[in-house]
Amino acid sequence: MIAKVKKLNTSQKTDVNISSAYTFSPRVTNVRIKVICGPMFSGKTKGLISAITAYQDKGKKVLVFKPKMDARYSENSIMSHDKVEIQATNVVQPKEILDLFHHADVVAIDEVQFFDPSIVKVCNIIADQGKSLILAGLDLDFQGNPFGCMPELMSMADEVVKLSSVCTFCSGKARFSHRISKDRGVVVLGEKDKYVPLCRSCYNELKDQ
Ligand SMILES: [Zn+2]
């Protein structure tokens, strides 16, 4: 019985310490991390551009980043499939964003799944500095496995938007990006020449063929 009382006292003391450690400023409480994810051709970049525009309409300065991969990704812009374009900075390493984000109110990142795992720490540092983040990326790779850093980023997020595409074969809701080329690496860049969006049922039928 005595032991139990002692334990309760310790617990109460811990609660007080935790609550006094959280001193939010209004600026920090406004920080939001939003992840927009889905398969290929689901409108992720369109959603990202829409979220960027919404912040800009409120007078916020948004800096946009994307991984420098190859010619398709080295343009200094991001473009949705319906041809809406917005200026972006190419970076190879996530830490490069830390040299550039300070003048922004909001940091947006497209194709975030292609960055190495240090992107998670970089996003946390940016949020801790009072900046909101909008992150767009593939949640699943072509084998249907969680893509790189995406599970951690989705766990950190205040809001996760999961988009779907239209299944190429049955017109159902597609959550999978099926690779139709013979390349086997996880990262193989391409568009409709290499990938089709599929529902689970059609994906399972086709994936081992
Ligand atoms: Zn289908």
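Below, the structure is looked at part by part.

**Considering the pattern of salt bridges**
Going through the model one piece at a time under the given rule, you end up with 3 salt bridges. Between E159 and R32 there is a salt bridge whose closest N-O contact spans 3.6 Å. A residue pair is termed long-range when its members are at least 10 positions apart, and E159 in strand β8 (residues 159-162) and R32 in the loop between α2 (26-29) and β1 (33-38) qualify at 127 residues. Classification of E159 as partly exposed rests on a relative accessible area of 30%. For R32, a relative accessible area of 38% translates into the label partly exposed.

**A short note on unusual backbone geometry**
Not every positive phi belongs to a glycine, and F41 is a case in point at roughly 65°. Relative to the assigned elements, F41 resides in the loop between β1 and α3 (44-57). Phi at S171 takes a positive value of approximately 65°, unusual for a residue other than glycine. Considering the arrangement of structural elements, one finds S171 in the loop between β9 (165-166) and β10 (173-174).

**Quick notes on the coordination of the zinc ion**
Coordination of the zinc ion by the protein comes from C167 (SG), C170 (SG), C199 (SG) and C202 (SG), over a distance range of 2.3 Å. Here the zinc ion is ringed by 4 donor atoms whose angles at the metal span 103 to 117°, and the overall shape comes out tetrahedral. Donor residues for the zinc ion, ordered by position in the chain, follow C-x2-C-x28-C-x2-C. Placement of C170 in the loop between β9 and β10 and of C202 in helix α8 (residues 200-206) is noted, with a sequence separation of 32 residues between them. Its relative accessible area of 42% is what places C170 among the partly exposed residues. A residue is classified by how much of its surface remains accessible, and C202, at 12% relative accessible area, is buried.

**Comments concerning α3**
Taking 1.5 Å per residue as the helical rise, α3 with its 14 residues ought to reach 20 Å, and the 20 Å between its terminal C-alpha atoms agrees with that figure. Taken together, the buried positions of α3 are K44, T45, L48, I49, A51, I52 and Y55. Down the axis of α3, the buried side of the element spans an arc of 160°, and every buried residue falls inside it. Structurally, α3 contributes buried residues whose contacts are with β1, β2 (62-67), β3 (77-79), β4 (85-87), β6 (106-109) and β7 (132-138). Looking one or two residues past α3, G59 carries a phi angle of roughly 85°, positive in sign.

**As for the sheet that holds β6**
Note on sheets: strands pair through backbone hydrogen bonds, and any given pair is parallel or antiparallel. Taken in spatial order, the 6 strands make up an open sheet running β5-β2-β6-β7-β1-β8, and their pairing is parallel. Of all the strands in the sheet, the pair left with one neighbour each is β5 (89-91) and β8. Across the sheet, the mean angle separating the axes of adjacent strands is 20° when strand polarity is ignored. Relative to β7, β6 is paired through 4 bridges, and the arrangement is parallel. Residue pairing in the sheet places A108 in a bridge with I134 of β7. Along the sheet, α3 contacts β1, β2, β6 and β7; its crossing angle with β7, the most-contacted strand, is approximately 170°. Helix α6 (residues 118-128) contacts β1, β6 and β7 of the sheet and is inclined by roughly 155° relative to β7.

Calculation rules
Residues numbered from 1 in each chain as written. Predicted model: local features only at pLDDT ≥ 70, side-chain atom pairs only at ≥ 80, totals over all residues. Heavy atoms only, no water. Salt bridge = Lys/Arg side-chain N within 4 Å of Asp/Glu carboxyl O. Helix = DSSP H or I, 4+ residues; strand = E, 2+ residues; numbered from the N terminus. Buried < 20%, exposed > 50% of the residue type's maximum accessible area, 1.4 Å probe, protein only. Donors = N, O, S within 2.8 Å, 3.2 Å for Na, K, Ca; no water. Tetrahedral: all angles 85-135°; square planar, octahedral: opposite > 155°, others 65-115°. Expected span 1.5 Å × (residues − 1). Arc of directions from axis to C-beta. Contact = heavy atoms within 4.5 Å. Pairing = 2+ DSSP bridges. Axes fitted to C-alpha atoms, helices over the stretch in contact; angles between N-to-C directions.

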